[in-house]
Amino acid sequence: MPGIASKNIGIAFDMNGCPNRCRHCYLGCASGSKVSIDRARLIVKNFKDYIIENKPFIENIAVSTWFREPNYSDNYKELYKLEEEWSDVKPYRYELLSIWRLARDIEYGRWAKEIGTEKCQISFFGMRETNDWFYRRKGAFKDAILATERLLDVGIKPRWQLFLTKKIIPELGNILNLVKKLKLRERAAALDGEFEIFLHTPGPDGNARGIEYLRPDIEETKNIPSEIIEESKLYLKVENLWYKEGELIKKILEAGEEFPYAYKYPDTLWLLIAGNLDVFANFATLEPWWKLGNLNKDSIEKIFQNFENDTPLGLYTIYNVSSKELIKTFGNPNGALIYTNKDDLLSLYLGNFLEWKFRNKGRE
């Protein structure tokens, strides 16, 4: 990998945890350990001191107190003020809020509007029973509906993200009927905006590799209402929402070799610091083969060196093991399961390869 290319660096801490244990989450499930405010403050200072001395080309440092569910802690206002204090830029939110808190804290929606939130994305995996199964939390569907109402009440436009699996296909009609029943399009229009809803396949990373058995094939997609297909294409700005595995394999092989083939260098490089102070980049997942180090044991200099030198097994692999080799081992040239694009498909093969390599041999 080339050296640090980003002029903007982010440092994100797991100070909140998450109320959910979603089966699709590329970050995996949160542990019980959290980074304290005092520890985070010291880490931010150490990172800034190191960057000023060793990487002066970095212009801005952003700090986030979360990388799972934003504002999950009761002291979310205090944490947001700390993000403002520690960051060179306005705290990032990526149009995300805590759905759990929206459903429980009437003040939270008003506060979110005050800090400039105009839209908020809410994820659905189906109707009540299906949705709660994916979230691994009873009441998640009820929370999502109530959160939608609370957003509209304070002038924030909700956006519904639907994850395509075998389980949601027979329930899509009911979801679209719910949109009509709640008059979401009309209510968003009254806010001088529009209600957005889109459907896409889950990226097969992290936890999501465990639900590959729920990935539909191309024939099953014929049962998807055309209404949601067209809205999804419009929102995602694509002509095709998905391709068969076999089609993507052909495209990959015809295009020739390229590195990296599954994960591209992010626009803003974030360093994600878990509760136990393990450090990862927002390059892939939080699985152990992507770990850059641990701040209890490793210096900040070592963390950056491990990233730049491709020390973790994951980084080493995407620059040294060919996509053709992964396809030969894990691919099905006649496969009819659908994936968003070649990056998604190769991330699945890569995850399977890395888990096998990590568990059995490590890097040779």
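One structure accompanies this document, and this report is about it. (Residues numbered from 1 in each chain as written. Predicted model: local features only at pLDDT ≥ 70, side-chain atom pairs only at ≥ 80, totals over all residues. Heavy atoms only, no water.)

Focus: the nonpolar core
One finds F13, F47, I273, W290, L295 and L350 to be the most contacted residues of the largest nonpolar core, which totals 73 residues. Among the elements that line this core, the one with the most residues is helix α14 (residues 342–360), at 7 residues. If near-sequence neighbours (up to four positions away) are discounted, I273 is found in contact with I11, A12, F13, D14, V35, I43, F47, F67, D278, V279 and L295. Among the nonpolar cores identified, the runner-up in size contains 41 residues, and Y108, W111, A112 and C120 belong to it. (Core = buried A, V, L, I, M, F, W, Y, C linked by side-chain atoms within 4.5 Å. Buried < 20%, exposed > 50% of the residue type's maximum accessible area, 1.4 Å probe, protein only. Helix = DSSP H or I, 4+ residues; strand = E, 2+ residues; numbered from the N terminus. Contact = heavy atoms within 4.5 Å.)

Observations concerning the sheet that holds strand β5 (residues 196–200)
An order of β3-β4-β5 is seen for the 3 strands of this open sheet, with the pairing classed as parallel. With one partner strand each, in any of the chains shown, β3 (119–124) and β5 form the two edges of the open sheet. Sheet twist, expressed as the average angle between the axes of neighbouring strands with direction ignored, equals 20 degrees. Sheet topology note: the strand β4 (residues 157–163)/β5 ladder contains 5 bridges and is parallel. Residue pairing across strands places Q161 opposite F198, the latter belonging to β5. Taken strand by strand, helix α6 (residues 140–153) contacts β3 and β4, and its axis lies near 165 degrees from that of β3. Lying over the sheet, helix α9 (residues 226–236) contacts β3, β4 and β5, oriented at roughly 100 degrees with respect to β5. (Pairing = 2+ DSSP bridges. Axes fitted to C-alpha atoms, helices over the stretch in contact; angles between N-to-C directions.)

Focus: the sheet that holds strand β9 (residues 293–294)
Spatially, β2-β1-β7-β8-β9 is the arrangement adopted by the 5 strands of the open sheet, whose pairing is mixed. This sheet does not close on itself; its edge strands, each paired only once, are β2 (60–64) and β9. Summarising the sheet, strand β1 (residues 8–13) and strand β7 (residues 269–273) pair through 5 bridges and their orientation is parallel. Each bridged residue has a counterpart across the sheet, and for I11 the counterpart in β7 is L271. Here helix α1 (residues 37–54) sits on the sheet in contact with β1, β2 and β7, set at roughly 160 degrees to β1.

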